[in-house]
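# Observations on the three-dimensional arrangement
So the chains spell out like this:
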Amino acid sequence: PFIQPPQVEWASGALTKGPLLRKSTRIRDLIGIFADDPARQRLAGEHVVYDVEILATSPAEGELYTGVTHLYPGRVGDEYFMTRGHFHARREQGEVYFGLRGNGLLLLQNEQGQARLESVCAGSIHIIPGFTAHRLINTGSEVLSALAVWPGVAGHDYAALAKGFTLRVFEENQQIQVREAQNE
Ligand code: 6PG
Ligand code: NI
């Protein structure tokens, strides 16, 4: 007699029982995102960098979206795989990320270009305020999965980050290295 709601399998981040939208982002989609674009071009274009699954719920004002990002391990040159990253089109709208599995970083950057990095792991909670761009980075050797909840009206503004984030994260001598981005 009870409604069976959608479910997330905490260990893997798999969403089940819900009407789902799915999107894969591949190496060939990420032009100009990594510092070493020639290194990106040497990789197989069809290789999936991350998958996003979103519960197909209402986008109306006041409603919330729920989705899971699975960011695969890998590097473009020495730079770790990462999501494209965005401000919300409705800049004031925030978001919450919850780490589910794997190890990585959440790169946050305000409109003044000040950036900070939060460690993402199973159980981590990340409060992304409004007016803050966000990008996941997989610094580990396993899949990094994170659950997110954000307003349906938030939208995405990728163009506002055309000059990129001010920090980049690389692997150097098996260590995580954070560098200030070169003015591109
Ligand atoms: C959102 C969320 C999240 C994000 C994905 C992919 O606002 O929709 O932050 O679902 O979109 O992690 O990241 P990109 O949108 O930056 O490719
Ligand atoms: Ni977002």
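Quick notes on the rules
- Residues numbered from 1 in each chain as written.
- Chains lettered and ligands numbered in written order.
- Predicted model: local features only at pLDDT ≥ 70, side-chain atom pairs only at ≥ 80, totals over all residues.
- Heavy atoms only, no water.
- Donors = N, O, S within 2.8 Å, 3.2 Å for Na, K, Ca; no water.
- Tetrahedral: all angles 85-135°; square planar, octahedral: opposite > 155°, others 65-115°.
- Pairing = 2+ DSSP bridges.
- Helix = DSSP H or I, 4+ residues; strand = E, 2+ residues; numbered from the N terminus.
- Axes fitted to C-alpha atoms, helices over the stretch in contact; angles between N-to-C directions.
- pLDDT = per-residue confidence, 0-100.
- Phe/Tyr/Trp six-rings, centres within 6.5 Å; stacked < 30°, edge-to-face > 60°.
- Lys NZ or Arg CZ within 6 Å of the ring centre and 35° of its normal.
- Salt bridge = Lys/Arg side-chain N within 4 Å of Asp/Glu carboxyl O.
- Buried < 20%, exposed > 50% of the residue type's maximum accessible area, 1.4 Å probe, protein only.
- Core = buried A, V, L, I, M, F, W, Y, C linked by side-chain atoms within 4.5 Å.
- Near = heavy atom within 4 Å.
- Polar contact = N/O pair within 3.5 Å; in protein donor to acceptor, adjacent residues only side chain to side chain.
- Areas by Shrake-Rupley, 256 points an atom, 1.4 Å probe, with all protein chains shown as cover.
- Nonpolar A, V, L, I, M, F, W, Y, C, P; charged D, E, K, R; others polar.

## Describing the coordination of the nickel ion (ligand 2)
- The nickel ion (ligand 2) binds to the protein through His86 (NE2), His88 (NE2), Glu95 (OE) and His134 (NE2), with metal-donor distances spanning 2.1 to 2.3 Å.
- Classification of the site at the nickel ion (ligand 2) rests on its six donor atoms, whose angles at the metal span 74 to 172 degrees, yielding the label octahedral.

## Re the sheet that holds strand 8 (residues 95-101)
- The antiparallel open sheet is built from six strands, whose spatial order is 3-4-5-13-8-11. Two strands lie at the open edges of the sheet, namely strand 3 (20-26) and strand 11 (125-128), each paired on one side alone. Each adjacent strand pair in this sheet contributes to an overall mean axis angle of 20 degrees, direction not counted.
- Pairing between strand 4 (residues 48-55) and strand 5 (residues 64-71): five bridges, direction antiparallel. Pairing of Val52 across the sheet is with Thr69, part of strand 5.

## A closer look at the confidence of the model for the protein chain
- Looking at the protein chain, the pLDDT average stands at 96 and 99% of residues meet or exceed 70.
- Across the assembled chains, the prediction reports ipTM 0.98 with pTM 0.97.

## Things to note about the packing of aromatic side chains
- If you walk through the whole model with that rule in mind, you get one aromatic pair.
- Lying across the ring of Tyr158, Arg84 places its NZ or CZ 5.8 Å from the centre.
- Lying over the aromatic face of Phe170, Arg179 brings its terminal NZ or CZ to 4.1 Å of the ring centre.

## Considering the pattern of salt bridges
- Under the definition given, this model contains nine salt bridges.
- Glu61 is paired through a salt bridge with Arg90; the nearest N and O atoms lie 3.4 Å apart. Within this pair, whereas Glu61 is found in the loop between strand 4 and strand 5, its partner Arg90 is found in the loop between strand 7 (79-80) and strand 8, the two being separated by 29 residues in sequence.
- Accessibility expressed as a relative area gives 56% for Glu61, which makes it exposed.
- A network of salt bridges, in which partner residues are shared, links Glu61, Arg90 and Glu92.

## Observations concerning the nonpolar core
- Within the largest apolar cluster, 35 residues are counted, with the highest numbers of intra-cluster contacts made by Val49, Leu71, Tyr97, Leu106, Leu136 and Ile137.
- By size, the runner-up hydrophobic cluster in this structure holds five residues, among which are Leu15, Leu55, Val68 and Leu147.

## Here we look at the pairing of strand 4
- Of all eight residues making up strand 4, seven are buried, and the element is well covered by its neighbours.
- Alignment of strand 3 against strand 4, held across seven bridges, turns out to be antiparallel. Its bridge partner being in strand 4, Leu21 is matched across the sheet by Ile54.

## Section: the pairing of strand 5
- Of all the eight residues making up strand 5, six are buried; the element is thus mostly covered by neighbouring parts of the structure.
- Where strand 5 meets strand 13 (residues 144-151), eight bridges bridge the pair, whose relative direction is antiparallel. Note that in strand 13 the partner of Gly67 across the bridge is Ala148.

## Section: the site of ligand 1
- Neighbouring residues of ligand 1: 14 residues in total, closest Tyr50, Thr69, Tyr97, His156 and Tyr158.
- Take Tyr97: an N or O atom from its side chain is 2.7 Å from an oxygen atom of ligand 1.
- Summarising the interface, the protein chains cover 95% of the accessible area of ligand 1, which totals 400 Å² for the free molecule.
- Among the secondary structure elements, those contributing two or more residues to the shell around ligand 1 are strand 4 and strand 8.
- Counted by class, the shell around ligand 1 contains five nonpolar, seven polar and two charged residues.

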